[in-house]
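Observations on chain architecture
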Amino acid sequence: DTGVSQDPRHKITKRGQNVTFRCDPISEHNRLYWYRQTLGQGPEFLTYFQNEAQLEKSRLLSDRFSAERPKGSFSTLEIQRTEQGDSAMYLCASSWEVDTQYFGPGTRLTVL
Amino acid sequence: GENVEQHPSTLSVQEGDSAVIKCTYSDSASNYFPWYKQELGKRPQLIIDIRSNVGEKKDQRIAVTLNKTAKHFSLHITETQPEDSAVYFCASRATQKLVFGTGTRLLVSP
């Protein structure tokens, strides 16, 4: 499968724990995006990278969230001290420049 | 900030009927408008998109129209089939990120 992949697909954690998600974009894509989707809503933009540079962050991204793309390939999204309000589907997408964004299957986070 | 409104939130049609979903965007700098289909538990998948220099685009049973003056764009599905049942999201892009509507749940009954 040469599409966008994400790991894990599901994560259940207790409030206050830290979690980390991984996204592997389509190999030739230089842009990588993170979105969050809650039930009944459309995806909401969190942040995006061009190669290894993080170029934009949403106000939704509190200080507890951090994202990296160290070598311009895969990316990680870490949430520290998780809260119940962080429960959502975290989607990753990639594109070549401003072309079409292709989404991964998402990581569903449940914070108990 | 950018905002996209999408209507209706749910749409039920009989197989073979047409379905229309409408979106309105706020940022006049928006220049790209994709539509994604999301089946339950699956990733959003692009079904059609339109850029601001085009008023209409068609791909088999799916068409999208854009009215830049009114900041409206619409998805038209003809000859609907049960496998068209899903949630459809419109989106707009002015800078780098996509701003999504709240989705339309389309149910096509046999």
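Everything that follows concerns the structure shown earlier in this document.
Everything quoted here is computed from the prediction, not taken from an experiment.

Remarks on the overall build of chain B
When helices and strands are tallied, chain B shows zero helices and 11 strands. Taken from the N to the C terminus, the helices and strands of chain B come in the order β-β-β-β-β-β-β-β-β-β-β. Radius of gyration (C-alpha) of chain B: 13 Å, near the 13 Å computed for a compact globule of 110 residues. Oriented by its inertia axes, the alpha-carbon framework of chain B measures out at about 40 × 30 × 20 Å. Out of the 110 residues belonging to chain B, those deemed buried represent 43%. Taking the contacts inside chain B whose residues are at least 6 apart along the sequence as the reference set, 53% of them involve residues at least 24 apart. A total accessible area of about 5500 Å² is found for chain B, and carbon and sulfur atoms account for 46% of it.

A short note on the interface of chain A and chain B
Contact residues are listed per partner, giving 21 residues for chain A and 18 residues for chain B. The contact between chain A and chain B buries some 1600 Å² in all, and 49% of this surface belongs to carbon and sulfur atoms. In this structure, the connection of chain A to chain B is made through two salt bridges. The closest approach of N and O atoms between Arg 51 of chain B and Asp 99 of chain A, which form a salt bridge, is 3.8 Å. Applying the counting criterion to the chain A and chain B interface returns eight residue pairs in polar contact (both at pLDDT 80 or more).

So, the packing of aromatic side chains
Residues and elements named next belong to chain B. Per the stated rule, a full pass over the model turns up 15 aromatic pairs over all chains. A centroid spacing of 4.7 Å and a plane angle of 45 degrees characterise the contact between Tyr 25 and Phe 33, whose relative ring orientation is tilted. Here Tyr 25 falls in the buried class, since its relative accessible area comes to 4%. Phe 33 sits in the buried class, given a relative accessible area of 0%. For the ring pair Phe 33 and Phe 73, a centre distance of 4.9 Å and an interplane angle of 50 degrees mean the geometry is tilted.

Focus: the environment of Cys 92 of chain A
Residues and elements named next belong to chain A. You can see Cys 92 is positioned in strand S9 (residues 88-95). Of the residues examined, Cys 92 reaches a relative accessible area of 0% and is grouped as buried. C-alpha separation for the pair Cys 92 and Asp 24, spaced 68 residues apart in sequence, amounts to 8.5 Å. The residues contacting Cys 92, other than those within four sequence positions of it, are Val 4, Gln 6, Cys 23, Leu 32, Tyr 33, Trp 34, Tyr 102, Phe 103 and Gly 104.

A look at unusual backbone geometry
The residue after Asp 7 of chain A, namely Pro 8 of chain A, is reached through a cis peptide bond having omega -5 degrees. When you line up the elements, Pro 8 of chain A lands in the loop between strand S1 (5-7) and strand S2 (10-13). Cis geometry is adopted by the peptide bond preceding Pro 8 of chain B, which originates at His 7 of chain B and carries an omega value of -5 degrees. Secondary-structure assignment places Pro 8 of chain B in the loop between strand S1 (4-7) and strand S2 (10-14). Its identity as a non-glycine residue notwithstanding, Arg 81 of chain A has a phi of 50 degrees, on the positive side. Mapped onto the fold, Arg 81 of chain A is located in the loop between strand S8 (75-79) and S9.

Section: the nonpolar core
All names here are of chain B. Of all hydrophobic cores here, the largest spans 23 residues; its most connected members are Trp 35, Phe 73, Leu 75, Ile 77, Tyr 88 and Leu 106. Those elements that place two or more of their residues in this core are S2, strand S3 (19-25), strand S4 (32-38), strand S5 (45-51), strand S7 (62-67), strand S8 (72-77), strand S9 (86-92) and strand S11 (104-109). Here this core gets four residues from one element, more than from any other, and that element is S3. Those residues in contact with Tyr 88 that lie beyond four places of it in its chain are Gln 6, Ile 21, Tyr 36, Lys 37, Ile 47, Leu 75, Ile 77, Gly 103, Thr 104 and Leu 106.

Here we look at the pattern of salt bridges
Across all of its chains, the model carries eight salt bridges over all chains by this definition. Arg 31 of chain A is the partner of Glu 97 of chain A in a salt bridge, and the nearest nitrogen-oxygen pair spans 3.5 Å. Separated by 66 residues along the polypeptide, Glu 97 of chain A in the loop between S9 and strand S10 (102-103) and Arg 31 of chain A in strand S4 (residues 31-37) bring together distant segments of the chain. Its relative accessible area of 7% is what places Arg 31 of chain A among the buried residues. Ionic pairing is found between Lys 97 of chain B and Glu 56 of chain A, a salt bridge with its closest N-O pair at 3.7 Å. With Lys 97 of chain B in the loop between S9 and strand S10 (99-100) and Glu 56 of chain A in strand S6 (residues 53-57), this residue pair bridges two chains. A single salt-bridge network, built from bridges that share partners, covers Arg 64, Glu 83 and Asp 86 of chain A.

Definitions and cut-offs
- Residues numbered from 1 in each chain as written.
- Chains lettered and ligands numbered in written order.
- Predicted model: local features only at pLDDT ≥ 70, side-chain atom pairs only at ≥ 80, totals over all residues.
- Heavy atoms only, no water.
- Helix = DSSP H or I, 4+ residues; strand = E, 2+ residues; numbered from the N terminus.
- Rg over C-alpha atoms; globule rule 2.2 N^0.38 Å.
- Buried < 20%, exposed > 50% of the residue type's maximum accessible area, 1.4 Å probe, protein only.
- Contact = heavy atoms within 4.5 Å.
- Areas by Shrake-Rupley, 256 points an atom, 1.4 Å probe, with all protein chains shown as cover.
- Buried area = accessible area lost by both parts, 1.4 Å probe.
- Salt bridge = Lys/Arg side-chain N within 4 Å of Asp/Glu carboxyl O.
- Polar contact = N/O pair within 3.5 Å; in protein donor to acceptor, adjacent residues only side chain to side chain.
- Phe/Tyr/Trp six-rings, centres within 6.5 Å; stacked < 30°, edge-to-face > 60°.
- Core = buried A, V, L, I, M, F, W, Y, C linked by side-chain atoms within 4.5 Å.

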